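Chain by chain, the residues run as shown.
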Amino acid sequence: QVQLVESGGGLVQAGGSLRLSCAASRDMIPITVMGWYRQAPGKQRELVATITRGGITNYLDSVKGRFTISRDNAKNTVYLQMDSLKPEDTGVYFCNADSVARGTRWGQGTQVTVSS
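First, a word on what this report is: a plain description of the structure on this page.

Rules of the game
- Residues numbered from 1 in each chain as written.
- Predicted model: local features only at pLDDT ≥ 70, side-chain atom pairs only at ≥ 80, totals over all residues.
- Heavy atoms only, no water.
- Buried < 20%, exposed > 50% of the residue type's maximum accessible area, 1.4 Å probe, protein only.
- Helix = DSSP H or I, 4+ residues; strand = E, 2+ residues; numbered from the N terminus.
- Pairing = 2+ DSSP bridges.
- Disulfide = S-S within 2.5 Å.
- Axes fitted to C-alpha atoms, helices over the stretch in contact; angles between N-to-C directions.

## Details of the pairing of strand β1 (residues 4-7)
- Of the two faces of β1, the one holding L4 and E6 is buried and the one holding V5 and S7 is not buried anywhere.
- Pairing geometry for β1 and strand β3 (residues 18-24), over 4 bridges, is antiparallel. Looking at the pairing, E6 lines up with C22 of β3.

As structure tokens, this is what we get:
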């Protein structure tokens, strides 16, 4: 079954940290780009960070220096380390993966809430 399974969301105070994980099913291999998007209430979904299979990263300007995306190709897993969290980082975070065989897939989303 083609799927992305996310974990690691939760409630944290401003200035705190969270680490998100997203594991892709084996039938999605090979995967080119993996990434994280987020959607705040009443707002459009926006790209947070992406990483290529070779490790090239791209970040939303507002998270540069605070968030770090990484990837373990052997485990088909992408991570998002979020430090110095701010209330404006609150939203549902979605994992995204571009599979050569299966196309673009999305995870179910995980809630991140940052209290002030």
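## Re the state of the cysteines
- Applying the stated rule across the entire model yields 1 disulfide.
- A sulfur-sulfur separation of 2.1 Å characterises the disulfide bridge that pairs C22 with C95. Between C22 and C95, the disulfide has an S-S torsion of -80° and is therefore left-handed. On the criterion of sequence distance, the pair formed by C22 in strand β3 and C95 in strand β9 (residues 91-99) is long-range, its members being 73 residues apart.

## As for the sheet that holds strand β8 (residues 77-82)
- Read from one edge of the open sheet, 4 strands run β1-β3-β8-β7, paired in antiparallel fashion. Looking at the sheet topology across the chains shown, the edges are occupied by β1 and β7 (67-72). Across the sheet, the mean angle separating the axes of adjacent strands is 15° when strand polarity is ignored.
- Here β7 runs beside β8; their pairing, made up of 6 bridges, is antiparallel. Along β8, the bridge assignment pairs I69 with L80.

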